[in-house]
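Structural overview
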Amino acid sequence: MATNFWQRLGLAGGRFRPLLDELGRYSLAGLEGKITCPLLNFAGEGEGPLMNGLGHDFYEKLTCPKTERLVRLVEGGEAHCQMNNPSLKHQIEFDWLDDVLK
C-alpha cells in the first residue's frame, strides 16, 4: 500500500524530500500584488496560532479586495476547512459571494 502511495506522487523510491521540494513550487508567496480578484481568507480558530498567523500574514500583503474571517470555537466550525460545521462554512461563503457579486 505504501509503495502505491509514493508511486501516485511520482516518488516510487518513497523519499520525502523530493515531495517537499515539489510542493514548494505551489506557493503564492511573493505573488500577493498580482492577485486582482476578490479574495476570502477563511480559517478556523482550532488550526492554531501558527497556521492562522501564516494565513493572516499572506492576507495582509494582498492588494486586491479582500475579506478575512476567523471561525471561533464557540461558533462550532473551528476545525480545518470548517469540517465540523459545513453548514456554517457554506453560509459564510455564500454571504461573501452575495456581497462580492451584488
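Structure: above.
First, a word on scope: everything that follows refers to the structure included in this document. Not measured: the values here are computed from a predicted model.

Pairing is possible between side chains of opposite charge, provided their charged atoms come close. Within this structure, the stated rule accounts for two salt bridges. Among the ionic pairs, Glu45 bridges to Arg72, the shortest N-O distance being 3.4 Å. Of this pair, Glu45 sits in the loop between strand S1 (39–44) and helix H3 (48–61) while Arg72 sits in the loop between strand S2 (66–71) and helix H4 (86–100), and the two are 27 residues apart along the sequence. A salt bridge links Glu75 to Arg69; its shortest N-O distance comes to 2.8 Å. In this structure Glu75 comes out as partly exposed when scored by relative accessible area, which is 31%.

Right, let's talk about H4 for a bit. Given a rise of 1.5 Å per residue, 15 residues ought to cover 21 Å, and the 21 Å separating the end C-alpha atoms of H4 matches this to within 8%. Residues Leu88, Ile92 and Trp96 constitute the buried set of H4. Each buried residue of H4 sits inside an arc of 70° when the element is viewed along its axis, so together they form one side. Away from its buried face by more than 90 degrees, H4 exposes Ser87, Phe94 and Asp98. Considering only its buried residues, H4 is in contact with S1 and S2.

Leu40, Phe42, Val71, Leu88, Ile92 and Trp96 form the largest nonpolar core, which has six residues in total. Those elements that place two or more of their residues in this core are S1 and H4. Ranked by the residues each element gives to this core, the list is headed by H4, at three residues. If near-sequence neighbours (up to four positions away) are discounted, Trp96 is found in contact with Pro38, Leu39, Leu40 and Thr67. In this structure, Leu39, Tyr59, Leu62 and Cys64 belong to the second largest nonpolar core, which totals five residues.

Procedures and definitions
- Every chain is numbered independently, its residues counted from 1 as its sequence is written.
- It should be noted that, the model being predicted, local features are given only for residues of pLDDT at least 70 and side-chain atom pairs only at 80 or more, the latter also being counted only at that level, while totals for whole chains, interfaces and linings use all residues.
- Only heavy atoms go into the side-chain values, all of them from the structure, while hydrogens and water stay out.
- Here, a salt bridge means any side-chain nitrogen of Lys or Arg that lies within 4 Å of a carboxyl oxygen of Asp or Glu.
- Starting at the N terminus, helices and strands are each numbered in turn, a helix being any DSSP run of H or I of at least four residues and a strand any DSSP run of E of at least two.
- Summary of the burial criterion: residues with accessible area below 20% of their type's maximum are buried, those above 50% are exposed, and those between are partly exposed, where the area comes from a 1.4 Å probe applied to protein chains only.
- Here a helix's expected span is defined as the number of its residues, less one, multiplied by 1.5 Å.
- This arc is built from the directions going out from the helix axis to the C-beta atoms.
- The contact criterion used is simple: two residues touch if any of their non-hydrogen atoms lie within 4.5 Å.
- Among buried residues, the Ala, Val, Leu, Ile, Met, Phe, Trp, Tyr and Cys ones that are joined through side-chain atoms within 4.5 Å form a nonpolar core.

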